[in-house]
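Descriptive analysis of the structure
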Amino acid sequence: MGHLLSKNGYRLNKRTRKLHHRKKKKRNCFLQGPCMLCFIVHGNSGGLDDDSDQLETSINSGGGIGRRCHRNASGTGSGGIGSASKLAGRYAALTSPEDCAKFLLSPRELAIWEGQGKSLLSAVPAKLIPPPALFRSAGIPVPVAVAVAVSVPGSASDYAEMVCKRKCAAVQRCTPCKQPRCAFPVPEGGVEDGGGGGSGDASSNSGTGHCHLCPLPSSSSSSSSSSSVEGCCGMALHGDSMPQSSDSSPCCPHHHDDCQGRGCDVIDTSSINRLPSSILLKVFSHLSVKERCLCVSLVCKYWRDLCLDFQFWKQIDLSGLQQVNDDLLVKIASRRQNVMELNISDCRGVQDHGVCSLASHCPGLQRYTAYRCKQLSDLSLSALALHCPLLAKVHVGNQDKLTDDALKKLGEHSSELKDIHLGQCYSITDEGMVALSKGCPKLQRIYMQENKLVTDKSVRAFAEHCPELQFVGFMGCSVTSLGVIHLTGLHNLSSLDLRHISELNNETVMEVVRKCRNLSSLNLCLNWSINDRCVEIIAKEGRSLKELYLVSCKITDHALIAIGQYSSTIETVDAGWCKEITDQGATQIAKSSKSLRYLGLMRCDKVNEETVERLVVQYPHIVFSTVMQDCKRTLERAYQMGWSPNTSTAS
C-alpha cells in the first residue's frame, strides 16, 4: 500500500533495500514506506525483517500485495483513493516522534480506513497481524506484533498510541534483571520463537520481558484506559507523553528495583504473616496437635517455627494417630525439654524406645497417658519413673505387658504421684500394688478394673498408706467386704466405684457411707446383694451424696420412695435394669424429691411409657432416661444441628 500511495515509492524502495543490506537489524516498516498499515507495532528483533524481504519480493514480482491493494483501493471509488493519498502525504511529512504523536485521524478519515484499510489487511501474512492484544505503553519495546484496534475517537488521546515505529527513534532494550516472584519471566528468545503469536493477558505479559504486576487494560477499553496506562514500574503514562526520545530508557534498573519493592509490599499487605507473632500463636493455639503438625507447620518455615513454640509443646496429645512412631517422639524430645503432658493412647507404632527417649529428655513431664498401648512394657514406665521425678499422673490402662516391676519403680522414684489408672493390666498383683502405695503417699486417685490378681490386701495397703485418697475404684477386682471396710478410714473420700464386687454385703456399704462424710458419688451397679434397706440407709446417712448408681441391683419401688423422702442432696439416680421398679416408684420419687435432676429407668419393663410422658410434662426439670425418651432427645439434637430425614435418605 505504501508503493501505491507514495509519490516516490520505487526510489524509496530501492534506497531502503540498500540500507537494509547494510544494517539488517534496523527497525523499518515491513512495506518500507509510509502506509496505513504502520499502525502495526513492531518489536525490536530482527524476526520481522525476513518477512519484509518476502513481501518486497512479492511486490517486485508483480503478483503480491501491491496489486491487491490497488484493486481494493480502486473498488472504493476515486474519492476514497484521493483521501487515502492525502493521508499518505501527511504521514510522509512526519519527521520526529512528536509529529507522529500528533498524527490523528478524524471521524471521516477513520471511516475511509475502516472501509478499505481492513480489506488490505487480509492480504498481509497472518504472522504479522495477530489478534488484537493489549495496549502497550509507547516507548517500551514490545517484541510481539500487535494490531491495535481503533475505536470511534472520543478525544485526542485515544490515538496517541498509534505510532509508526519507523518514524520513531530507536528504543533501547532494558537490561535483563531478576524477576520478582509475582511477575512472568520470559526468556530472551521469546521474540524470535513466537514473534507473531499469542494474544490476551498471559501472552502479552510474557512477551514484554518486563514485570507487569498489574493487568494492563484490554483493547476493548482503549477509550477509557489509553489516557492513563500503567507501565511496568507502576507509573501512569498519559497518552500525550507516550512517545519517548531515543536517549530515554523506559525501564531502568532502579525502576525495576522499585517495582520489586512495591510488589513485595503488595504481597505483605495482604499476607497474614504481617500480624504479630503473638496473635498468630493465639490463633494456632485453637488447633489440635494433629492440625498444627500435619497442616499448619507445612505452610512455610515461619509457621513451622511458630508451631515449634514452647507453649504448644507443654501438652502433647497424639492419641489415635497411627502415624506416630518412635522417630517422632525422639525428634520432639530432642527439640523440646519442657513437655509437661503426653498422651499417646492408641498409638500402635510407638515402642519403648521412643517413650524412653522422651522421658530422658523431658525431666519436667508430669502427666503421662497411654491407654491401649499393648506393645509397651515395663521399660517405658520404668524410664518415666527414673527420669521424671515430678510425675503426678500415670494412666496406662489395658497394657498386658505391664507387671509389678514397673509399679515398684514408680514406688521408688515417683513420690509426687497423685493419679494412677491401671485398669485391665492383668499381670499386676498385690505385690506391685503394695509397693506403689508405700512409695506414693500423696496418691489421690486409684482406679483398677478387672484386675483379678488384686485382692483385699491391695485395698488395705492403699487405705493405710494413702490417706489423701479421694477417688477409689476396684471394678471387677477380687475384692470383698473385708477389704472395702478399710476404706472407712479415708475421710477425704469423695467418689467410690464398687461395681461388680462379687462378695459385697449391705452392712459394709452402709458403714462406708456413715464414716465417709464427704462421699458425693457411689457406684453400686451389678451388685445383686444391694437391697431396699441398704438404699434407705444410704439416703439417710449420705449427707453429701449427689450421685447414686444402682443399675441391676435388687431394689424395688421402696428404694426410690426412700430416696425421695429422706435425701435432700441426691441429684442423679440410675435404676436401670431393675425389673421390680414400677410406675409408683418413678412417680413418688419425682414428686417428693426436691433435688432430683436425673432418673434412669432404662429397661425397667414395668414402667409404662405413658407414665413417663406424663412425668416429663409435669416435671420438666427432671431428665427421665428410657429407650423412647433417649431416642427423642437424640432426634432433637440432630434437628438442632441441621439434620433432616430427607437429606439422610438422599445421602
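That block above? That's the structure.
Below is a summary of the structure that appears in this document.

Reading the values: rules and limits
- Residues numbered from 1 in each chain as written.
- Predicted model: local features only at pLDDT ≥ 70, side-chain atom pairs only at ≥ 80, totals over all residues.
- Heavy atoms only, no water.
- Helix = DSSP H or I, 4+ residues; strand = E, 2+ residues; numbered from the N terminus.
- Buried < 20%, exposed > 50% of the residue type's maximum accessible area, 1.4 Å probe, protein only.
- Contact = heavy atoms within 4.5 Å.
- Areas by Shrake-Rupley, 256 points an atom, 1.4 Å probe, with all protein chains shown as cover.
- Core = buried A, V, L, I, M, F, W, Y, C linked by side-chain atoms within 4.5 Å.
- Salt bridge = Lys/Arg side-chain N within 4 Å of Asp/Glu carboxyl O.
- Patch = residues over 30% accessible without salt bridge, like charges linked within 9 Å, V, L, I, M, F, W, Y side chains within 5 Å.
- Polar contact = N/O pair within 3.5 Å; in protein donor to acceptor, adjacent residues only side chain to side chain.
- Axes fitted to C-alpha atoms, helices over the stretch in contact; angles between N-to-C directions.
- Parallel < 35°, antiparallel > 145°, perpendicular 65-115°, else oblique.
- Nonpolar A, V, L, I, M, F, W, Y, C, P; charged D, E, K, R; others polar.

Before going further, it helps to spend a moment on the overall build of the chain. Along the backbone of the chain there are 28 helices and 17 strands. Split into buried and exposed, the 651 residues of the chain put 48% on the buried side. Sequence separation of at least 24 residues holds for 72% of the intrachain contacts in the chain that already meet a minimum separation of 6. When the accessible area of the chain is evaluated, it comes to approximately 31,500 Å², of which 54% is carbon and sulfur surface.

If you look at the biggest cluster of nonpolar residues, it comprises 113 residues, and the most contacted ones within it are Tyr-368, Ile-420, Leu-422 and Leu-522. Looking at this core, the element that brings in the most residues is helix α23 (residues 532-541), giving five residues. With residues near it in sequence (within four places) discarded, Tyr-368 still touches Leu-342, Ile-344, Val-355, Leu-376, Ser-380, Leu-381, Leu-384, Leu-391, Lys-393, Val-394, His-395 and Val-396.

For the coordinates displayed, the defined rule picks out 19 salt bridges. Put simply, Lys-408 and Glu-431 hold a salt bridge, and the shortest N to O gap is 2.7 Å. With Lys-408 in helix α18 (residues 404-413) and Glu-431 in helix α19 (residues 430-439), this residue pair connects regions lying 23 residues apart in the sequence. Classification of Lys-408 as partly exposed rests on a relative accessible area of 27%. For Glu-450, the salt bridge identified is with Lys-452, shortest N-O distance 3.5 Å.

What follows concerns a nonpolar patch on the surface. Taken together, the side chains of Ile-272, Leu-275, Ile-279 and Val-283 make up a nonpolar region of the molecular surface, amounting to roughly 300 Å² of accessible area. Within the secondary structure layout, Ile-279 lies in helix α12 (residues 277-284).

Checked against the element boundaries, Gln-375 lands in the loop between β7 (367-369) and α17 (378-387). Here Gln-375 falls in the buried class, since its relative accessible area comes to 15%. Polar contacts involving the side chain of Gln-375 include one to the main-chain carbonyl oxygen of Cys-347, which spans 2.8 Å. At 2.8 Å, the side chain of Gln-375 forms a polar contact with the backbone oxygen of Val-350. Excluding anything up to four places from it in sequence, Gln-375 contacts Cys-347, Arg-348, Gly-349, Val-350, Gln-351, Asp-352 and Lys-401.

Before going further, it helps to examine the packing of α17 against α18. Remark: α17 packs on α18, axes separated minimally by 9 Å, with the N-to-C direction vectors making an angle of 5°. One way to sum up the angle between α17 and α18 is to call them roughly parallel. Residue-level contacts link Asp-378, Leu-381, Ser-382, Ala-385 and Leu-386 of α17 to Asp-405, Ala-406, Lys-409, Leu-410 and His-413 of α18. Among the residues forming the contact of α17 with α18, the class breakdown is five nonpolar, two polar and three charged.

In this structure, Leu-615 sits in helix α26 (residues 609-618). Given a relative accessible area of 0%, Leu-615 falls into the buried group. For the pair Leu-615 and Ala-586, spaced 29 residues apart in sequence, the C-alpha to C-alpha distance is 8.7 Å. Ignoring any residue separated from it by four or fewer positions in sequence, one finds Leu-615 in contact with Ala-586, Thr-587 and Phe-624.

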